[in-house]
Amino acid sequence: MNRPRILQNGRLLPSLEAALEQSFDVHPLWKEADPDAYLRDHGGEFVGMVTSAIKGGSREFLAMLPNLKVISSFGVGYDALDVVGAQSRGIAVGYTPDVLNDCVADTAFSLVINVARRFPACDQFTRRGDWLKGAFPLTTKVSGKRMGILGLGRIGQTIARRASGFDMAIRYHNRKPRNDVAYDYEPSLKALAEWCDFLVIASAGGAETKHLVSREILEAVGPKGFVVNISRGSVIDEDAMIDALEHGQLGGAGLDVYTHEPNVPERLLKLDNVVLLPHLASATHETRQAMADLVLANLHAFFESGHVKVAVPPLTA
Ligand code: 8YV
């Protein structure tokens, strides 16, 4: 039997690439010098595509794959993928939610602690031998403080459970209140920002949430408050955030995500009230393997039953 022809958009874990090659006829697009030219000639051959949350696939890109039946994406975010367009063409779209909740929440909570207690700077201080000259300046307590969560989805709830363990008061803002949680809903993001000590962003990326955390919201978090972002850089107005950090209008920021990854603005790199990670919230051996297993399971399920194992819910424009 012919193995289904699958387009691989971007590099994946070596173990996943090897496993895909065992079951499918995989073409790695990243090896092509001119991917567009390749797709113009060969796009019609592919029934499946494997991609990632970061690589995704735009409407124009998917248009070059006229016979596509299934997309399996490595990651929970799908803001880089034209899911609405794909679903309207009847293409099944699989992704990897849930398996990364713990690691992303661990990262969010580490950023909360590290930005407030300034542990990365403390580490540098100790290595430089500055301790011999005096004590590190006092920092900000985390336990018992107020956490506002923007986007109380599955990752947001996992962060909230960690915050409960640190005796924090928790409120959240979503488009709509949830009826399955005990945390207080705050209908106004500005009021949430004014109330909290830590504003943690765990919402989805994409057009709907673009720059939701605006200059006004950042100023409401204020000079003693902190922002933590493990979702997408696009949710924060990055220039406004840097202005606020530079002028002491925002206490600090712990960031795993940026507007133009992997480029981090020079102005941000110069600040000492930020903790900057290179988009690695889900990047542990255990979680990345679980994500890889689900990418594979989604494809196998589709070719066996016509349905992926975990599908992106039906979206409309
Ligand atoms: C990516 C992520 O999957 O899942 C997401 O939405 O942002 C990450 O976990 C990872 O960077 C690989 O694309």
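Residues numbered from 1 in each chain as written. Predicted model: local features only at pLDDT ≥ 70, side-chain atom pairs only at ≥ 80, totals over all residues. Heavy atoms only, no water.

Visitor: Is there a simple way to explain the pairing of strand β11 (residues 252-255) in this structure?
Guide: Every regular strand shows the same layout, with side chains that alternate between the two sheet faces. Burial along β11 is two-sided: the face carrying Gly252 and Gly254 and the face carrying Ala253 and Leu255 are both buried. Where strand β10 (residues 226-229) and β11 come together, four bridges link them in parallel fashion. If you follow Phe226 over to β11, its bridge partner there is Gly252. Following the backbone out of β10, through helix α10 (residues 238-246) and into the adjacent parallel β11, one traces a crossover that is right-handed. Across three bridges, the pairing between β11 and strand β12 (residues 274-276) is parallel. Within β12, the residue paired with Leu255 across the bridge is Leu276. (Buried < 20%, exposed > 50% of the residue type's maximum accessible area, 1.4 Å probe, protein only. Helix = DSSP H or I, 4+ residues; strand = E, 2+ residues; numbered from the N terminus. Pairing = 2+ DSSP bridges. Right-handed = clockwise from strand over helix to strand, strands pointing away.)

Visitor: Is there a simple way to think about the sheet that holds strand β2 (residues 25-28) in this case?
Guide: Two orientations exist for strands paired in a sheet by backbone hydrogen bonds: parallel and antiparallel. One open sheet accounts for five strands, arranged β2-β1-β3-β4-β5; its pairing is parallel. Each edge of the sheet is formed by a strand with only one pairing partner; in this case those strands are β2 and β5 (92-94). Ignoring which end each strand starts from, the neighbouring axes of this sheet average 20° apart. Of the pairings in the sheet, the one linking strand β3 (residues 48-52) to strand β4 (residues 70-74) comprises five bridges and is parallel in character. From the neighbouring strand, Ser52 faces β4, where its bridge partner is Phe74. (Axes fitted to C-alpha atoms, helices over the stretch in contact; angles between N-to-C directions.)

Visitor: I keep staring at the sheet that holds β10 and nothing clicks. Help me out?
Guide: Pairing within the open sheet is parallel, and its seven strands lie in the order β8-β7-β6-β9-β10-β11-β12. A single partner strand is all that each edge strand has here, and the edge strands are β8 (184-185) and β12. Inspection of the sheet shows strand β6 (residues 146-150) paired to strand β9 (residues 198-201) by four bridges, in the parallel sense. Its bridge partner being in β9, Gly148 is matched across the sheet by Leu199. Packing of helix α5 (residues 101-117) onto the sheet brings it into contact with β6, β9, β10, β11 and β12, and relative to β10 it is tilted by some 150°. Where helix α7 (residues 154-165) meets the sheet, it contacts β6, β7 (169-173) and β9, and its direction lies at approximately 175° from that of β6. (Contact = heavy atoms within 4.5 Å.)

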